[in-house]
Amino acid sequence: MRCAVVTAATATKNADDGHGDGRTGGGTAAGGGHTVDGCETGGEATADGRATGRQAVGVTSPASGPLPRPLLRSAVELYLDLHAHPELSGHEHRTADRLAARLAEHGCTVTRSVGGGHGLVGVLRNGPGPTVLLRTELDALPVTEATGLPYASTVRGVMHACGHDLHIAAVTGAVALLAASRDGWRGTVLVVGQPEEETLSGARSLLEDGRLYDRFGVPDAVLAQHAAPLPAGTLAHAPAGGEPLMAGSIAVEAVLYGRGGHAATPHLNLDPVLMAAATVLRLRTVVAEETVPAEQAVLTVGSVRAGERGNITPDHAELSLTIRAFTEPALDRLVAAAERAVRAEATASGAPRAPGFTVTARSPALRPDPALTARVRRVHEALLGPGRVLDLAGSAATEDFPHFAAGGVPAAYWMLGTTGAGPWRAARAGGGPVPPNHAPGFAPDVRAALPVGITALATAARQVLDPGAAEGRGTAS
């Protein structure tokens, strides 16, 4: 997930100020120096994320104090385990098991198979009061890891290349903090472990098939964060009154039909590979033809699949594409144009049957609630200092998190920086770009990012929960 930072100069200065440096786990994308032993062995970090010694185990803030060493050690262990054992969308059974076990350890009542898949909900109750929902994703990506990390994926062709393992570890740490400080808040914490985020189908499955809000109540706020290639130790929010934080998206599967046969007799066949190639080129013109120059939109053909061997003409070809835009009318217009292009190329090629064109998922643009975002940003600035809470421009990346805000539920969503100072400085000096989300070299600086992720979630949740109702109760419930 590439994220454009409005305050790029501030971000650069923050990286140079020392957070996420070699003392806090910074290293190269290939894994050189990228260690997490410091998280496990002791030490502390200052409120701005800089280490006080080689081992950085926590983030100190006026509100939360240093993270307890056992808590951070446990979160690191979970992260390492999940990173080494990633699971694709729809197959997140082991990941769900690990998350469910950790939530139960912290006093949550856990319900499994919400929505018919591997979705789960943990409920931490602490008397009457507001309800806050913390969302984390479970799934990994079909990417072959190339980080060289000692805890790299052990599953061939599958990798946590989008940081969902970091999100899970952070949410368990946040729940542990909340469970240990019940005298400071009152209400209910819902933790949602969402499968199939990468296919943009998991949120709707939880909400519709799993009747999430009917069964567990409509929350007063929903919160989530996402790993991003920003300086580790920083957070980034959408500016108030700005454009959407993320684009809306439509995913499409198209099938083009030909006539298979021997490669030596092309005059007897109808090659769907050529048809697919022409279709891909035609689709690449759709955005330019269907949008005004000032309108942001992206159409990507991410997969073309056809045939098994070079001496056989296959009988069909499959295309997977995504369409991204910031308004619903633009999405509708672009998907209609894409379908016209696919059907027109099939007709021009003399296809024996009409092509398939199926919308498999759709998600609206992500527009965080301005009032809730302002409240959360204030507590994040109190936690880290204003210089480490950045403004974030809109991104063509997409999420199905907006479904949790349907019906007017306030939502806050922010980015969690994961890039250590070493890779950041190397990129600034003219080296290769920092590996973004979904890249084989994506390697979060865990020692700098995880403590911030834990405290960012916990402090945001406390901002929603009712601290006043807990005053004077004497003991935690």
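That block above? That's the structure.
First, a word on what this report is: a plain description of the structure on this page. Since we're looking at a predicted model, the values are computed, not measured. (Residues numbered from 1 in each chain as written. Predicted model: local features only at pLDDT ≥ 70, side-chain atom pairs only at ≥ 80, totals over all residues. Heavy atoms only, no water.)

Here we take up the packing of aromatic side chains. Enumeration according to the criterion identifies 3 aromatic pairs in this entry. On the numbers, 6.0 Å between centres and 70 degrees between planes, the contact of Tyr 79 with Tyr 151 is edge-to-face. With Tyr 79 in helix H3 (residues 69-84) and Tyr 151 in the loop between strand S3 (131-137) and helix H5 (164-179), this pair connects stretches of sequence that are 72 residues apart. Residue Tyr 151 is classed as buried on the basis of its relative accessible area, which comes to 9%. Seen from their ring centres, Phe 401 and Tyr 413 are 5.3 Å apart, and the 45 degrees between their planes marks the pair as tilted. Note that Phe 401 is positioned in the loop between strand S13 (389-391) and strand S14 (411-419) and Tyr 413 in strand S14, a separation of 12 residues in sequence. A single burial state applies to Phe 401 and to Tyr 413, both of which are buried. An aromatic cluster is present here, built from Phe 401, Phe 404 and Tyr 413 joined pairwise through their rings. Positioned over the ring face of Tyr 257 is Arg 353, at 3.9 Å from the centre of the ring. (Phe/Tyr/Trp six-rings, centres within 6.5 Å; stacked < 30°, edge-to-face > 60°. Helix = DSSP H or I, 4+ residues; strand = E, 2+ residues; numbered from the N terminus. Buried < 20%, exposed > 50% of the residue type's maximum accessible area, 1.4 Å probe, protein only. Lys NZ or Arg CZ within 6 Å of the ring centre and 35° of its normal.)

Turning next to the side chain of His 83. Mapped onto the elements of the fold, His 83 is located in helix H3. Residue class for His 83 comes out buried when judged on its relative accessible area of 1%. Engagement of the side chain of His 83 in a polar contact is seen with the side chain of Asp 165, the distance being 2.7 Å. With residues up to four places along the chain from it excluded, the contact list for His 83 reads Glu 145, Leu 149, Tyr 151, Ala 152, Ser 153, His 160 and Asp 165. (Polar contact = N/O pair within 3.5 Å; in protein donor to acceptor, adjacent residues only side chain to side chain. Contact = heavy atoms within 4.5 Å.)

Let us look at unusual backbone geometry. Even without a glycine there, the phi angle at Ser 113 is positive, about 55 degrees. Of the residues examined, Ser 113 reaches a relative accessible area of 48% and is grouped as partly exposed. A positive phi is found at His 438, a non-glycine position, where the angle reads about 80 degrees. Position of His 438 relative to the elements: it lies in the loop between helix H12 (421-428) and helix H13 (446-464). His 438 gets classed as partly exposed once you look at its relative accessible area, which sits at 40%.

Now for the sheet that holds S3. Pairing is mixed across the open sheet formed by 8 strands, whose spatial order is S1-S2-S4-S3-S5-S14-S6-S13. Strand pairing shows two members of the sheet lacking a second neighbour, strand S1 (109-111) and S13, which therefore form its edges. Each adjacent strand pair in this sheet contributes to an overall mean axis angle of 25 degrees, direction not counted. Pairing between strand S6 (residues 235-237) and S14: 2 bridges, direction antiparallel. Bridging from a neighbouring strand, Ala 236 pairs with Met 415 of S14. Sitting on the sheet, H5 touches strand S2 (120-126), S3, strand S4 (187-194), strand S5 (221-231) and S14, and the angle it makes with S3 is about 150 degrees. Across the sheet, helix H11 (residues 370-384) lies against S5, S6, S13 and S14, angled at about 35 degrees from S14, the strand it touches most. (Pairing = 2+ DSSP bridges. Axes fitted to C-alpha atoms, helices over the stretch in contact; angles between N-to-C directions.)

To continue, consider the pairing of S5. In terms of residue burial, S5 counts as a mostly covered element, since 11 of its 11 residues are buried. The sheet contact formed by S3 and S5 spans 3 bridges and is parallel. Note that in S5 the partner of Val 132 across the bridge is Ala 221. Where S5 lies against S14, 8 bridges are found, and the strand directions are parallel. Bridged to His 226 within S14 is Met 415.

Okay, H11 next. Helix length check: H11 (15 residues) gives 21 Å between terminal C-alpha atoms against 21 Å at 1.5 Å per residue, within 8%. Taken as a whole, H11 has its buried residues at Leu 372, Thr 373, Val 376, Arg 377, Val 379, His 380, Leu 383 and Leu 384. Burial along H11 is one-sided: seen end-on, the buried residues are contained in an arc of 165 degrees. For H11, the exposed residues lying more than 90 degrees away from the buried face are Pro 370, Ala 371, Arg 378 and Ala 382. (Expected span 1.5 Å × (residues − 1). Arc of directions from axis to C-beta.)

Let's shift gears to the nonpolar core. Within the largest apolar cluster, 65 residues are counted, with the highest numbers of intra-cluster contacts made by Val 132, Leu 134, Val 189, Leu 223, Trp 414, Leu 450 and Ile 454. Here this core takes 11 residues from H13, the largest share from any one element. The contact partners of Trp 414, leaving out residues within four places of it in the chain, are Leu 223, Ala 224, Gln 225, His 226, Leu 235, Ala 236, His 237, Val 376, His 380, Ala 456, Leu 457 and Ala 460. (Core = buried A, V, L, I, M, F, W, Y, C linked by side-chain atoms within 4.5 Å.)

Turning our eyes to something else, we now look at the packing of H5 against H13. It is the contact of H5 with H13, at a shortest axis distance of 8 Å, that shows an interaxial angle of 50 degrees. Judged by the angle between their axes, H5 and H13 are oblique. When the axes of H5 and H13 are compared, the crossing they make is right-handed. For the pair formed by H5 and H13, the contact residues are Leu 166, Ala 169, Ala 170, Val 171, Gly 173, Ala 174, Leu 177 and Leu 178 on the first element and Ala 449, Leu 450, Gly 453, Ile 454, Thr 455, Leu 457, Ala 458, Ala 461 and Arg 462 on the second. When its residues are assigned to classes, the contact of H5 with H13 shows 13 nonpolar, 3 polar and 1 charged. (Parallel < 35°, antiparallel > 145°, perpendicular 65-115°, else oblique. Left-handed = near helix turned anticlockwise from the far one by under 90°. Nonpolar A, V, L, I, M, F, W, Y, C, P; charged D, E, K, R; others polar.)

On to the packing of H3 against helix H4 (residues 93-105), then. The relative placement of two packed helices is expressed as an angle between their axes plus a distance between the axes. Orientation of H3 relative to H4, taken along the N-to-C sense of each, is 170 degrees, at an axis distance of 11 Å. Classified by the interaxial angle, the pair formed by H3 and H4 is roughly antiparallel. Residue-level contacts link Ser 74, Ala 75, Glu 77, Leu 78, Asp 81 and Leu 82 of H3 to Arg 94, Thr 95, Arg 98 and Arg 102 of H4. Tallied by class, residues from the contact of H3 with H4 come to 3 nonpolar, 2 polar and 5 charged.

Further remarks concern the pairing of strand S7 (residues 248-257). Burial within S7 is extensive, with 8 of its 10 residues counted as buried. Two strands pair when backbone bridges link them, and S7 and strand S11 (residues 316-325) are joined in this way by 10 bridges, in the antiparallel orientation. Bridging from a neighbouring strand, Val 252 pairs with Leu 321 of S11. With 7 bridges joining them, S7 and strand S12 (residues 356-363) adopt antiparallel strand pairing. Bridging across to S12, Val 255 finds its partner in Gly 356.

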